[in-house]
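Descriptive analysis of the structure
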Amino acid sequence: MKIAVPVTADQRIDDHFGHCEYYGIYSIGENNEIASFDIIPSQEGCGCKSNIAGVLANQGVTVMLAGGIGGGAINVLNHWGIEVVRGCSGNAKDAVEAFIKGDLTDSGISCGQHEHHHGHGHDHGHGHSHQCNH
């Protein structure tokens, strides 16, 4: 299994998928450990308009751990057979290890940059509303 993570230069999860500097590619071995790590530079353009989903899929990526990501980008990644786990933050390697252990779940929250919301904030039961800064 290969897991992709949008990362900054210091290996932290980039809060906005479409504007990240790099993608970290973690290859997971048979014993659910990180077997290898590669980094590829991000392509120009918004995540849902670039062909990064195809590039990642062709490298064998099946999971994307992301911070903030819009619905359009999720649709494109899903089309290429890549599962998206939203709401991730912090050190990329820590997030990958948490995902492997089953301790990381999708937040269910998408950024609204390319979507239209109808007026009221949603708190999704977490006691706070999600806000993306673009």
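Note that this is a predicted model, so its numbers are computed, not measured.

Rules used throughout
- Residues numbered from 1 in each chain as written.
- Predicted model: local features only at pLDDT ≥ 70, side-chain atom pairs only at ≥ 80, totals over all residues.
- Heavy atoms only, no water.
- Phe/Tyr/Trp six-rings, centres within 6.5 Å; stacked < 30°, edge-to-face > 60°.
- Helix = DSSP H or I, 4+ residues; strand = E, 2+ residues; numbered from the N terminus.
- Buried < 20%, exposed > 50% of the residue type's maximum accessible area, 1.4 Å probe, protein only.
- Pairing = 2+ DSSP bridges.
- Axes fitted to C-alpha atoms, helices over the stretch in contact; angles between N-to-C directions.
- Polar contact = N/O pair within 3.5 Å; in protein donor to acceptor, adjacent residues only side chain to side chain.
- Contact = heavy atoms within 4.5 Å.

Here we come to the packing of aromatic side chains. Inspection of the entire model under this criterion finds 2 aromatic pairs. Relative to F37, the ring of Y26 lies with its centre 4.6 Å away and its plane at 45 degrees, an arrangement referred to as tilted. Taken together, the residues span a long stretch of sequence, with Y26 in strand β2 (residues 22-28) and F37 in strand β3 (residues 34-41) at a distance of 11 residues. Given the relative accessible area of 35%, F37 is considered partly exposed.

As summarised here, the arrangement of the 5 strands in space is β3-β2-β1-β4-β5, forming an open sheet in which the pairing is mixed. Both edges of this open sheet fall to β3 and β5 (83-85), since each of them pairs with a single strand only. Adjacent strand axes in the sheet meet at a mean angle of 25 degrees, parallel and antiparallel pairs treated alike. Bridge count for strand β1 (residues 2-7) against β2 is 6 bridges, and the pairing is antiparallel. Counted as the bridge partner of V7 is Y22 from β2.

What follows concerns the side chain of S42. Tracing the chain through its elements places S42 in the loop between β3 and α1 (52-58). Among the polar contacts made by the side chain of S42, one reaches the main-chain carbonyl oxygen of C20 at a distance of 3.2 Å. The residues contacting S42, other than those within four sequence positions of it, are C20, E21, Y22 and Y23.

Before going further, it helps to spend a moment on the environment of N78. Turning to its location among the elements, N78 is positioned in helix α2 (residues 71-79). Measuring from C-alpha to C-alpha, the distance between N78 and V63 comes to 9.5 Å, with 15 residues separating the pair along the chain. N78 has contacts with E83 and V84, leaving out every residue within four places of it along the chain.

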